[in-house]
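Summary of the model geometry
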Amino acid sequence: MLYLKRFATILALLVTSMIGAQADLDQERILLTFIPNVQFAPFYVGLQHGTFSEVGFDVELEHLQEPEVLDLVAVGQANYGIVSGEQVILARSRGRDVVYVFEWFQQYPVALVHSSELDLSNLEQLRGLKIGIPGRFGASYSGLTTLLNSAGLTESEIELNEIGFNAPEVFCLGAVDAAIVYANNEPLQIRNLTDAGECGDLEDVEVLTVASQVDLVSNGLIVNRSQLEEMPYQIARMVGAFREALRITIDNPAGAYLASLSYVDTLPSDDALITALTEAAARQQAFLADGPSRAEVAGSRRTMLEGLSRQFDGALLAQFHVLLDSIELWDADTLGYSDLVSWEAMRDILALMNLLGDDLGDLGAAFSNEFVSVSDE
Amino acid sequence: MQTTTVSRDFQARQKRQILLRRLCPLLTILLLLLFWQWITDREIISPILVPSPADVFAAFASALADGSLARHTMTTLGEMMYGLLLGVGVGLALGYAIAKAPLLEYVLSPIIVAFQSTPIVAYAPLLIIWFGTGPSSKVVTTAVIVFFPALVNTIVGIRSVSPRLRDLMRSLNAGPGRTFRLLEFPSALPVILAGLKTSTTLAVIGAVVGEFVGSGSGLGVLVIMARSQYNTPLVVVTVLTMTVIALSLYSLVALLEWRFLVWQRRASA
């Protein structure tokens, strides 16, 4: 009985201290796009490793469509959101004074997936192809326009099919010759279907990334202008916390995958896989203790995948593979740094698509590296 | 003389009441517009979230002038019409068959109810994969959504035919064809038309859901395009266009009802 009383007292104290600690934190919503997915692993890592709470934030993640994320941040109904740079340029041209403060994706993720039998070493060979695209909007459409522009082609010289977000199925059915996809996701799905013999006569696919042609600004963290002026220190704390979570994810993807399991219901969580990932995460942590270079860490990620691939089939590892491919798009010497050239290239593409008016706006006001240097590694 | 004056007064009062009844919806809309303009003028809600009526009208004029609104509307209307023909056609035929053969209901109802109780948004991507990325998948999406009201109302309509009248038709040696033409169809028509009213309004949803999932043209695509370009006034214009289409089709069926159910009105009178 005495033990029970003691236990109850300790429990009460713990709960009280936890409530107290929670009460000290600033409640913050971060608006994300899409749905809970391993591609948002840095946020899950931030929550699980406490990088947000360490700097005083109790973060809640919410998933919306990109324009909604941007509008809610623009009107101050949320302080932080993740959107692509092109959305920032478009929205600013329509009176939304948002500022991009951390470039999460260092490479534009859109790509063209095609059969390896199709030789696209010369981009002009895109002419006449039947290309699938989610729709004539968003990053996919900008990416396609960039590829066509690099090839000196126009949209009228290809056959464009709006296929929604069904590229793997439509591509494998042979309804299109190539499809605009996200480089870190659909190509893997198509390769898994190919390996399973469920993709027609297709033997392998190749991926032509937009980033290989032009450096376009991609997904990053946005805030609104008044918040930037009134609460720069709060933004610096948030950027710092996210940057740290991103670095942890890049350095130890096995650990990041394990952290994501609590947030992404559909992630494969086979017992053997969890055990293997836990061991891989521990090994990686020991490896990181020696302070390896960025290239060495990248090599260790490949070794990690090779080791896991020997134990598990492609389908089970697909989401881990998505995470590794995503990391390739995020990794950089200075995480979060945004380059004016990539903004100018993006603006030129949007202007080419007639999506901007005559006033192309001040790109310098669209983004800031102020917090990247404050929180630099 | 006094009777004539009273009668004239009564008629004038009736006319005023009819006029008032007709003006009421217009007045409501006008008040709503004024209220909308007022809240946007005072920026009670940010114009980013709710554009002003003036901005919406400007977007409407622009979309009308460049032909984009007409082009996308025609696409959606086409998908809706084919979808309605297919969905309502199958619904009527299957509904009649089920009403006449209850065994068929036991066999088919689990599939039909399961299909209907699943939100169409959930399986619309599959329809795109199965029926292609062209208009056929949107026609099927529309057909699936309009099918159920047509089916259910046909079953209810045919089953509600008075058994005494059926006996009467039998006593007159009327065959199935004559019974259908002279008794079942006219008796079931009010219920069938009520189902058609629901189907027509749902048709817009079906077509737009199909377009949202993957399409090159149509009002659903226009909403996505306008939204991705932060053109909120154009989003409002497109949504209002969908409303107008739904209301117009509903009114068309109501007109058919008024025209074909003249006997019912007379009977009520």
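Residues numbered from 1 in each chain as written. Chains lettered and ligands numbered in written order. Predicted model: local features only at pLDDT ≥ 70, side-chain atom pairs only at ≥ 80, totals over all residues.

**Quick word on the overall build of chain B**
Stated precisely, the cut-off is as follows: Numbered from the N terminus, helices here are DSSP runs of H or I no shorter than four residues, and strands are runs of E no shorter than two. The reference for a compact globule is 2.2 Å times residues^0.38; the radius of gyration itself is calculated from the C-alpha atoms.
Looking only at helices and strands, chain B has 11 helices and zero strands in total. Counting from the amino terminus, chain B carries its helices and strands in the arrangement α-α-α-α-α-α-α-α-α-α-α. Since a compact globule built from 269 residues should have a radius of gyration of about 18 Å, the 24 Å found for chain B marks it as more spread out than a globular shape. Oriented by its inertia axes, the alpha-carbon framework of chain B measures out at about 75 × 70 × 30 Å.

**As for the overall build of chain A**
As a reminder, the rule being used: For the exposure call, what matters is how many other C-beta atoms sit within 10 Å of a residue's own: 20 or more marks it buried, 12 or fewer exposed, and in between partly exposed, using C-beta atoms placed from the backbone. Working definition of a contact: two residues with C-beta atoms, positioned from the backbone, lying within 7 Å.
Each helix and strand counted, chain A has 16 helices and 10 strands in total. Computed over its C-alpha atoms, the radius of gyration of chain A comes to 22 Å, within 12% of the 21 Å expected for a compact globule of 377 residues. Each of the three principal axes of chain A carries a C-alpha extent, and together these read 80 × 55 × 35 Å. Here chain A, with 377 residues, has 47% of them falling under the buried criterion. Residue pairs in contact within chain A that sit at least 24 positions apart in sequence constitute 80% of those at least 6 positions apart.

**Some words on the domain arrangement of chain A**
Residues and elements named next belong to chain A. The condition is simple: Residue ranges assigned to each domain were obtained from an automatic or database domain assignment. Only Asp, Glu, Lys and Arg are considered charged in this grouping, and only Ala, Val, Leu, Ile, Met, Phe, Trp, Tyr, Cys and Pro are considered nonpolar; every other residue, Gly among them, is considered polar.
Annotation of chain A at the domain level lists domain 1 (110-212) and domain 2 (251-330). Distance from the C-alpha centre of domain 1 to the C-alpha centre of domain 2: 27 Å. In this assembly, seven residues from domain 1 lie in contact with eight residues from domain 2. Grouping the constituent residues of the side of domain 1 that touches domain 2 by class yields two nonpolar, four polar and one charged.

**Brief notes about the interface of chain A and chain B**
Many descriptions give the size of an interface as the accessible area lost when the pieces come together. Tallying the contact residues gives 23 residues for chain A and 19 residues for chain B. Of all elements in the fold, only α4 (66-74), α5 (85-93), β7 (159-162) and α7 (167-172) of chain A reach the threshold of two or more residues within the side of chain A that touches chain B. Counting residues per element, the side of chain A that touches chain B draws most heavily on α4(A), at three residues. For the side of chain A that touches chain B, the class distribution of residues is 11 nonpolar, six polar and six charged.

**Focus on the sheet that holds strand β3 (residues 80-84) of chain A**
Residues and elements named next belong to chain A. Quick reminder of the rule: Pairing between strands is defined by DSSP: at least two bridges between them are needed. Every angle, taken between N-to-C directions, lies between 0 and 180 degrees, and every axis is a line fitted to C-alpha atoms, over only the stretch in contact when it is a helix.
Read across the open sheet, the five strands follow the order β2-β1-β3-β10-β4; overall the sheet is mixed. Since the sheet does not close on itself, it has two edges, and those belong to β2 (57-63) and β4 (98-103), each with one partner. Neighbour-to-neighbour, the strand axes of the sheet open up by a mean angle of 30°, direction not taken into account. The strands touched by helix α10 (residues 232-251) are β2, β3, β4 and β10 (219-224); relative to β4, the strand with the most contacts, the crossing angle is about 35°.

**Describing the pairing of strand β1 (residues 26-32) of chain A**
Residues and elements named next belong to chain A. Judged from the seven bridges that link them, β1 and β2 form a sheet pairing that is parallel. Pairing of Arg29 across the sheet is with Glu60, part of β2. The pairing of β1 with β3 spans two bridges and is classified as parallel. Bridge pairing in β3 links Ile30 to Tyr80.

**Brief notes about the environment of A:Gln284**
Residue and element names in this part refer to chain A. Turning to its location among the elements, Gln284 is positioned in helix α12 (residues 271-288). Among the residues examined, Gln284 registers 20 C-beta atoms within 10 Å and is labelled buried. Between the alpha carbons of Gln284 and Ser115 there is a distance of 35 Å; along the sequence they are 169 residues apart. Ignoring anything within four residues of it in the chain, the contact list for Gln284 reads Asn252, Ala254, Gly255, Ser300 and Met304.

**What to know about the domain arrangement of chain B**
Structurally, chain B comprises domain 1 (1-50) and domain 2 (53-268). Spacing between the C-alpha centres of domain 1 of chain B and domain 2 of chain B amounts to 31 Å.

**Describing the packing of helix α8 (residues 176-213) of chain B against helix α10 (residues 232-260) of chain B**
Residue and element names in this part refer to chain B. Going by this rule: Should an angle lie under 35 degrees it is considered roughly parallel, over 145 roughly antiparallel, and from 65 to 115 roughly perpendicular; all remaining angles are considered oblique. For any helix crossing, the convention is left-handed if the near helix is rotated counterclockwise from the far helix by under a right angle, and right-handed if that rotation is clockwise.
Put simply, α8 and α10 touch, their axes get as near as 9 Å, and they point 165° apart. Between α8 and α10, the angle falls in the class roughly antiparallel. Crossing of α8 over α10 shows right-handed handedness. Contact residues: α8 offers Leu189, Leu193, Leu196, Lys197, Thr200, Thr201, Ala203, Val204 and Val208, while α10 offers Met242, Ile245, Ala246, Leu249, Tyr250, Val253, Ala254, Leu256, Glu257 and Phe260. Taken together, the residues of the contact of α8 with α10 break down into 15 nonpolar, two polar and two charged.

**A look at the nonpolar core**
Just so we agree on the cut-off: Any set of buried Ala, Val, Leu, Ile, Met, Phe, Trp, Tyr and Cys residues joined through C-beta atoms within 7 Å is what this text calls a nonpolar core.
By size, the foremost hydrophobic cluster in this structure holds 160 residues, and its most contacted members are A:Val73, A:Val101, A:Ala179 and A:Ile222. Ranked by the residues each element gives to this core, the list is headed by helix α6 (residues 135-159) of chain B, at 12 residues. Once residues within four sequence positions are removed from consideration, A:Val73 is found in contact with A:Leu31, A:Ala78, A:Tyr80, A:Gly81, A:Val98, A:Ile222, A:Val223 and A:Asn224.

**Details of unusual backbone geometry**
What is expected of a backbone is that most residues other than glycine have negative phi and most peptide bonds are trans. Positive phi, normally seen in glycine, also occurs at A:Asn354, with a value near 60°. For B:Tyr230, which is not a glycine, the phi torsion comes out positive at approximately 60°. Within the fold, B:Tyr230 resides in the loop between α9 (219-228) and α10. Classification of B:Tyr230 by C-beta neighbours within 10 Å gives buried; the count is 22.

**Structural notes on the environment of B:Val113**
Relative to the elements of secondary structure, B:Val113 occurs in helix α4 (residues 102-117). Along the chain, B:Val113 and B:Phe148 lie 35 residues apart, while their C-alpha atoms are 8.8 Å from each other.

**Describing helix α6 (residues 138-151) of chain A**
Residue and element names in this part refer to chain A. Note the threshold: Helix span is expected to be 1.5 Å times the residue number reduced by one.
Here α6 spans 20 Å end to end across 14 residues, near enough to the 20 Å set by a 1.5 Å rise per residue. Within α6, 10 of the 14 residues are buried, which leaves the element mostly enclosed by the surrounding structure. Those residues of α6 that sit buried are Gly138, Ala139, Ser140, Tyr141, Ser142, Gly143, Leu144, Thr146, Leu147 and Leu148.

**Remarks on the packing of helix α3 (residues 68-100) of chain B against α9(B)**
Residue and element names in this part refer to chain B. With their axes 7 Å apart at the nearest point, α3 and α9 run at an angle of 135° to one another. Looking at the two axes, α3 sits oblique to α9. Contacts from Ser68, His72, Thr73 and Thr76 in α3 reach Leu219, Val221 and Leu222 in α9. Of the residues contributing to the contact of α3 with α9, the split by class is three nonpolar, four polar and no charged.

**Details of α12(A)**
All names here are of chain A. Filter applied, for reference: This arc is taken over the directions from the axis of the helix to the C-beta atoms.
Between the first and last C-alpha of α12 there are 26 Å, a value that for 18 residues agrees with the 26 Å anticipated at 1.5 Å per step. Where α12 is concerned, the buried positions are Leu277, Ala280 and Gln284. Buried residues of α12 fall within an arc of 65° about the axis and therefore sit on the same side. Exposed positions of α12 whose direction lies more than 90 degrees from the buried face are Asp271, Ala272, Thr275, Glu279 and Ala286.

**Structural notes on the sheet that holds strand β5 (residues 110-115) of chain A**
Residue and element names in this part refer to chain A. Within the open sheet, the five strands sit side by side as β7-β6-β8-β5-β9. Their pairing is mixed. Edge strands, defined here as strands with exactly one partner in the open sheet, are β7 and β9 (205-209). The sheet shows a mean angle of 30° between the axes of neighbouring strands, taken without regard to direction. Strand direction decides the pairing type here: strand β6 (residues 130-133) and strand β8 (residues 178-182), joined by two bridges, are parallel. Residue pairing for β8: Gly132 is matched across the bridge by Ala179.

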